[in-house]
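Below, each chain spelled out in residue letters.
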Amino acid sequence: LPTDDGWAFEIKWDGMRVIAEVDAAGVRGHSANGLDVSTRFPELAGLADHLAGHRAVLDGEVAVLDDLGRADFSRLQQRMHVGDPDPVLRREQPVTFVVFDLLHLDATPTIDLPYADRRALLAELVEPGPGWLVPDHQVGHGQELFDAAAATGLEGVMAKRLDSRYLPGTRSSAWRKVKVR
C-alpha cells in the first residue's frame, strides 16, 4: 500500500467488470472483453431514468452482495452467464452495479480529468438506487481500510492516485490492487 500523500483508497469488489453506456434510450453494458451483457443484468436499466437525461459512460463491477454488503462471487456466477435471467433467479441472486468511475458525461469525455475530479462528478451524478451504488472512498488511511477489509472477509483495496487519468485498457502504477492474502 502506498503511504505517501495523494492517494485515495476504496474497497476492491469481487465481481464482473462492466462498462455501462447510459442515455435516454437505456443502458448498454459491456464486459471487459467487449461482450454485450445488457440482457444479463436488467437491474441496471433503471439507471437511464435515474440520470434524468444525462448521457454517461460508467465503469464498475456487477456483484451479488450478501446480507453484510460483501460481494459474493460464487453467487454472481449463477447470474453472469445467463443471457436473460428469469424473475425468480433475479430475486434470488440480485445484482448491484458498484460504480467507481465516470468516463464520459454528456458531450464531454472525462478520462483526462484527475481521479479526484471524476469521483466528485460521479458522486453528484449517481445516487444509490435499487440496482446500483457508488461506494465510499477515502483519501489517505489506506492501511486502516485494508485492515478493515481483511477483518471482514473482503477481497482487498484499490489505491488510486488523486491526480491520475483514466487509462483505458492499460495497467498503471497510479492504480494499485492490494489483495488480502
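Residues numbered from 1 in each chain as written. Predicted model: local features only at pLDDT ≥ 70, side-chain atom pairs only at ≥ 80, totals over all residues. Heavy atoms only, no water.

Student: Sorry, what's going on with the overall build of the chain here?
Tutor: Each helix and strand counted, the chain has 5 helices and 10 strands in total. Over its C-alpha atoms the chain spans a radius of gyration of 16 Å, differing by no more than 12% from the 16 Å that the globule rule assigns to 181 residues. With the principal axes as the frame, the chain shows a C-alpha extent of 45 × 40 × 25 Å. Residue burial in the chain is summarised as follows: out of 181 residues, 42% are buried. Residue pairs in contact within the chain that sit at least 24 positions apart in sequence constitute 69% of those at least 6 positions apart. Taken as a whole, the chain presents about 9,400 Å² of accessible surface, with 52% of it coming from carbon and sulfur. (Helix = DSSP H or I, 4+ residues; strand = E, 2+ residues; numbered from the N terminus. Rg over C-alpha atoms; globule rule 2.2 N^0.38 Å. Buried < 20%, exposed > 50% of the residue type's maximum accessible area, 1.4 Å probe, protein only. Contact = heavy atoms within 4.5 Å. Areas by Shrake-Rupley, 256 points an atom, 1.4 Å probe, with all protein chains shown as cover.)

Student: How should I be thinking about unusual backbone geometry in this particular structure?
Tutor: Peptide bonds are trans in most cases, and residues, glycine excluded, mostly fall at negative phi. For A52, which is not glycine, the phi torsion reads 45 degrees and is therefore positive. Inspection of the secondary structure puts A52 in the loop between α1 (47-50) and β4 (56-63). The phi dihedral of H141 falls on the positive side, at around 60 degrees, and the residue is not glycine. Inspection of the secondary structure assignment puts H141 in the loop between β8 (137-139) and α5 (142-151).

Student: What is the right way to read helix α2 (residues 73-80) from this model?
Tutor: Along an α-helix, residues three or four positions apart point the same way, because every turn accommodates 3.6 residues. The set of residues buried in α2 consists of L76, R79 and M80. Burial along α2 is one-sided: seen end-on, the buried residues are contained in an arc of 90 degrees. In the core, the buried residues of α2 are packed alongside β2 (16-23), β4 and α3 (87-92). (Arc of directions from axis to C-beta.)

Interpretation note: all reported values are geometric properties and have no functional meaning in isolation.
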